[in-house]
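Chain by chain, the residues:
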Amino acid sequence: MTAAVTRNPIPAIVIDRIACTGHGVCAAVLPDQVSLDEWGYPVVGGGRPDPELLTAAVRLCPARALLAGRTAP
Ligand code: SF4
């Protein structure tokens, strides 16, 4: 039996909620996918990000709390 494998080449935004310190760089770099809550912590929504912008946001996150990951289909 052969299992069908679905792969989405565009990574998802993953935030380490323990490491995140609410700097908001992610929301500035990815405004269509990340907004900030009333305390300045990120809320992810709005679909998959541009891969290059996500890479930039990951590199710029001062707490190293932003990751490019994959979610189950
Ligand atoms: S840039 Fe990093 S530390 Fe700042 S809010 Fe986003 S995930 Fe959190």
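Below you will find a few notes about this structure. (Residues numbered from 1 in each chain as written. Predicted model: local features only at pLDDT ≥ 70, side-chain atom pairs only at ≥ 80, totals over all residues. Heavy atoms only, no water.)

Once that is clear, we can look at the site of the ligand. The environment of the ligand is made up of C20, T21, G22, H23, G24, V25, C26, P42, C61 and A63. Judged by the proximity of its atoms to the pocket grid, the ligand belongs to the largest cavity. Here the residues of the shell around the ligand sort into 6 nonpolar, 4 polar and no charged. (Near = heavy atom within 4 Å. 1 Å grid on protein atoms, 1.4 Å probe; cavity = no way out; pocket = protein on both sides within 12 Å on 5 of 7 lines; lining within 4 Å. Sits in = over half its atoms within 2 Å of the grid points. Nonpolar A, V, L, I, M, F, W, Y, C, P; charged D, E, K, R; others polar.)

Counted by the stated rule, this structure contains 1 cavity of 30 Å³ or more. Put simply, the largest cavity is a space of about 100 Å³. As for the largest cavity, its lining consists of 14 residues, of which C20, H23, G24, C26 and C61 are closest to the centre. Looking at the lining of the largest cavity residue by residue, the classes come out as 10 nonpolar, 4 polar and no charged. (Points joined across faces, edges and corners; volume = space filled by probe spheres on them.)

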